[in-house]
Amino acid sequence: MQKQKWTIWEFIDYHEAKQKWAQQNYEKLCRKVAWFDNILSFHQVWNRIPHSQVKEILCDGEKFKVFKDFEDIPYQVATIMIFKHGIQPMFEDKRNKAELRLELGNIREPEQLQLIWETFVFDVISGNCPGITDNEDEGISGIRLHQKSQGATLKGYRLEVWLLSNDEENKHTKEVLAYLDDHIRNDICGTRLADARV
């Protein structure tokens, strides 16, 4: 693992009581969970937070997880994110220039989603995923696992890689795209997720 500091985030979603407030305070819906700067501190954090187990945070295939804030108002976590330290997980942070998406479809088996997310995270943190570079102008700025829903209906999941460059011909961008298509979509998803697409 390269000597890099990363921050784990969550994006929360209000559906009813605070929905209007949420629409006006988008940046406050992105909340820091933990940070780490080497493989040892990563495992210490990963073994202690519920975000390491997707089914504890996102829909487990049958029901959505509902939490309550300090005002006792219910909310859901819609996205789990890991970004380089100092980079906000939103496009308002101008260092985020582009994104690559892998649509996973409507997975109903939490073990399958866990395998995909865990493989992706471990590859990024260990440097086995291309695009992990110290260059501030290219490579990966962060990754996200997003749960798509409409009311109480699960619409699917999406893996995202956010990039420091919007140049489609950039070497790192091409390598990350190939990694998503060849390794995650073909090797990890395989025939079990025939509708997964980049």
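First, a word on scope: everything that follows refers to the structure included in this document. All values derive from a computational prediction rather than experimental measurement. (Residues numbered from 1 in each chain as written. Predicted model: local features only at pLDDT ≥ 70, side-chain atom pairs only at ≥ 80, totals over all residues. Heavy atoms only, no water.)

Thoughts on the side chain of Gln76
Okay, step 1: On the secondary structure map, Gln76 appears in strand β4 (residues 74-84).
Okay, step 2: On the accessibility criterion, Gln76 (10% relative accessible area) is buried.
Okay, step 3: Once residues lying within four places of it in the same chain are set aside, the contact partners of Gln76 are Phe11, Ile12, Asp13, His15, Phe64, Lys65, Val66 and Gln147. (Helix = DSSP H or I, 4+ residues; strand = E, 2+ residues; numbered from the N terminus. Buried < 20%, exposed > 50% of the residue type's maximum accessible area, 1.4 Å probe, protein only. Contact = heavy atoms within 4.5 Å.)

Observations concerning helix α2 (residues 39-46)
Okay, step 1: When α2 is considered as a whole, its buried residues turn out to be Ser41, Phe42, Val45 and Trp46. Viewed along the axis of α2, the buried residues span an arc of 130 degrees, placing them on a single side of the element.
Okay, step 2: On its buried face, α2 is in contact with β1 (6-13), β2 (30-36), β4 and α4 (110-126).
Okay, step 3: The N-cap residue of α2 is Asn38: its side-chain oxygen and the backbone nitrogen of Leu40 are 3.0 Å apart. (Arc of directions from axis to C-beta. Polar contact = N/O pair within 3.5 Å; in protein donor to acceptor, adjacent residues only side chain to side chain.)

Considerations on the pattern of salt bridges
Okay, step 1: Under the definition given, this model contains twelve salt bridges.
Okay, step 2: For Glu10, the salt bridge goes to Arg31, with nearest N and O atoms at 2.7 Å. Of this pair, Glu10 sits in strand β1 while Arg31 is found in strand β2, placing the two residues 21 residues apart along the sequence.
Okay, step 3: When its relative accessible area of 8% is taken as the criterion, Glu10 is described as buried.
Okay, step 4: Classification of Arg31 as partly exposed rests on a relative accessible area of 27%.
Okay, step 5: In this structure, Asp93 and Arg95 form a salt bridge, with 2.9 Å as the shortest nitrogen-oxygen distance.
Okay, step 6: Beyond isolated ion pairs, a larger network of salt bridges with shared partners links Glu103, Arg144, Lys148, Arg158 and Glu160. (Salt bridge = Lys/Arg side-chain N within 4 Å of Asp/Glu carboxyl O.)

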